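Here is what each chain is made of, one letter per residue.
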Amino acid sequence: MLEATVEGIGFWGSGLPDWDSACAWVRTGTRPENPPARPSPQLLAANERRRAPGTVAVALEAALAACEAADRAPASLPSVFTSHQGELTITDYICTTLADDPRAISPTKFHNSVHNAAAGYWTIGAGAHTPATALSAGRYSFAQGLLEAMTQLQAGEDAVLLVAYDGCSSGPVGEQSPSEGLLGVAMVLSRTPCAGLPTLQLELQERGDGDAGLPPGPLTQLLLGNAMHPALPLLEAMAIEAEQLQLPASPHQQLRITLRHE
């Protein structure tokens, strides 16, 4: 059994630009008017904000919000960045350019195509010399990222920043791996109990035929088109103070999560 305190939450989803608006949508069905189309992470200099792809922008926006909510210095935290697909719009551009005009490939776009681009931007922007992990496990990316972060706590880290994100896909690649909009979720998880903050208890177990998660909630229904939507049931559970849920972690395993709201 792994256990962690959720010290801070960061969120940015298309139409819901922060955790407070996500909670309001879950609880009351209200949304902000004229939300921004894209986050603008203040961790980056202005020219870097303009050049960074949407996946980097949404990951850093959520990550910084989680650190601020937890009152933790971004540079002090080891991090786990997890994404189903990384930056597929740039992957589509590279594949198309290689086919049509290979010499025209942009070095900047190639730099932003790697799966650990968001983790790299974060460590540079935050000035962090702590370990950063970037992983992908397909549709199970969020569950495996959560498991990795909590395992690092069990191994001795005081606190870990978990960041999960995905963006749009396009072209032939998008046909094979569809995703739409922007979604970023971040949590600062720690081993320190704290009154008033939710606690997660996590157990990895075999999936059974009768195991079922919570019915799709408002967040999941709104942002289902994004590849990182498997992260949303946990956020919905925290928003309504549910006590338990299951998240698929592989074709044959699941995370059984118990929540305490003190």
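Residues numbered from 1 in each chain as written. Predicted model: local features only at pLDDT ≥ 70, side-chain atom pairs only at ≥ 80, totals over all residues. Heavy atoms only, no water.

Caption draft 1: Seen up close, helix 10 (residues 232-239). Of all eight residues in helix 10, seven are buried, a share of seventy percent or more. Regarding helix 10, the residues found buried are L232, L234, L235, E236, A237, M238 and A239. E241 sits one or two residues past helix 10 and shows a positive phi near 60 degrees. (Buried < 20%, exposed > 50% of the residue type's maximum accessible area, 1.4 Å probe, protein only. Helix = DSSP H or I, 4+ residues; strand = E, 2+ residues; numbered from the N terminus.)

Caption draft 2: The arrangement of the sheet that holds strand 3 (residues 132-135) in detail. Ordered by their spatial adjacency, eight strands build an open sheet running 3-2-4-5-1-6-8-7, and the pairing between neighbours is mixed. The open sheet is flanked by strand 3 and strand 7 (244-248), the only strands paired with a single partner. Averaged over neighbouring strand pairs, the angle between their axes works out to 30 degrees when direction is ignored. Looking at chain direction, strand 7 and strand 8 (residues 253-261) are connected through five bridges and run antiparallel. Note that in strand 8 the partner of L245 across the bridge is I257. On the sheet, helix 7 (residues 141-154) packs against strand 1 (2-13), strand 2 (79-82), strand 3, strand 4 (159-166), strand 5 (183-190), strand 6 (198-206), strand 7 and strand 8 and is oriented at approximately 170 degrees with respect to strand 4. (Pairing = 2+ DSSP bridges. Axes fitted to C-alpha atoms, helices over the stretch in contact; angles between N-to-C directions. Contact = heavy atoms within 4.5 Å.)

Caption draft 3: Region of interest: the nonpolar core. Among the nonpolar cores identified, the biggest contains 46 residues, and F11, F142, L146, M187, L189, L219 and L234 are the most heavily contacted of them. At seven residues, the largest contribution of residues to this core is made by helix 7. In terms of nonpolar packing, the next biggest core, distinct from the first, is built from 30 residues, V56, A159, L182 and V188 among them. (Core = buried A, V, L, I, M, F, W, Y, C linked by side-chain atoms within 4.5 Å.)

Caption draft 4: A look at unusual backbone geometry. One non-glycine residue, D71, adopts positive backbone phi at about 55 degrees. With respect to the helices, strands and loops of the structure, D71 is situated in the loop between helix 3 (54-70) and strand 2. A positive phi angle is found at E241, which is not glycine, with a value near 60 degrees. Within the fold, E241 resides in the loop between helix 10 and strand 7.

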